[in-house]
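# Understanding the architecture of this molecule
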Amino acid sequence: MECSSAHLRYLLVIDRLSEEGGAVSSVEVARALGVKKPSVARMLETLQEKGLAEKERYGKIALTPAGAETARRYRRQLERLGGGGSGPGGALSRAGGPL
């Protein structure tokens, strides 16, 4: 399954936010990425079509098992490359994503 840098950025942010407190809202994702809520809604449609995320109407967002595995695989790759961690200064902490 092919993912663009934008898809990966959203997956990584949703994964990180869900680690902090379970399923997340569109508002939380928008805030973390510095985008507007309609942008999140459009991307979520794409991620749902790819089988990477789930969202109930007016509900919380969760990654599917495939989405969570994709996010974690790319996170590990970023961490191996250096500067990809979610700590201060890491690529995952800047603008909510690495790309």
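As the structure is a prediction and not an experimental result, all values here were calculated from the model.

Before going further, it helps to spend a moment on the pattern of salt bridges. Enumeration over the complete set of coordinates arrives at four salt bridges. One salt bridge connects aspartate 15 with arginine 72, and the closest N-O pair in it is separated by 3.1 Å. Taken together, the positions of aspartate 15 in helix H1 (residues 5-21) and arginine 72 in helix H4 (residues 65-81) put the pair 57 residues apart, joining distant regions of the chain. Of the charged contacts in the structure, one is a salt bridge between arginine 76 and glutamate 69, with a shortest N-O distance of 3.5 Å. Since its relative accessible area comes to 39%, arginine 76 is described here as partly exposed. Note on glutamate 69: relative accessible area 40%, which makes it partly exposed. Put simply, Asp15, Glu19, Arg72 and Arg75 are held in one network by salt bridges that share partners.

Let us look at helix H2 (residues 26-33). Among the residues of H2, those classed as buried are Ser26, Val29, Ala30, Ala32 and Leu33. Looking straight down H2, one finds that the buried residues subtend no more than 165° of arc, so they occupy a single side.

Looking now at the packing of H2 against helix H3 (residues 37-49). To characterise two packed helices, one gives the angle between the axes of the helices and the distance between these axes. Where H2 meets H3, the axes come as close as 9 Å, and the angle between the chain directions of the two elements is 110°. The angle between H2 and H3 falls in the class roughly perpendicular. On H3, the residues that touch Ser26, Val27, Val29 and Ala30 of H2 are Lys37, Val40 and Leu44. In terms of residue class, the contact of H2 with H3 is made up of five nonpolar, one polar and one charged.

Definitions and limits used
- Residues numbered from 1 in each chain as written.
- Predicted model: local features only at pLDDT ≥ 70, side-chain atom pairs only at ≥ 80, totals over all residues.
- Heavy atoms only, no water.
- Salt bridge = Lys/Arg side-chain N within 4 Å of Asp/Glu carboxyl O.
- Helix = DSSP H or I, 4+ residues; strand = E, 2+ residues; numbered from the N terminus.
- Buried < 20%, exposed > 50% of the residue type's maximum accessible area, 1.4 Å probe, protein only.
- Arc of directions from axis to C-beta.
- Axes fitted to C-alpha atoms, helices over the stretch in contact; angles between N-to-C directions.
- Parallel < 35°, antiparallel > 145°, perpendicular 65-115°, else oblique.
- Contact = heavy atoms within 4.5 Å.
- Nonpolar A, V, L, I, M, F, W, Y, C, P; charged D, E, K, R; others polar.

Purely geometric numbers; function is a separate question.
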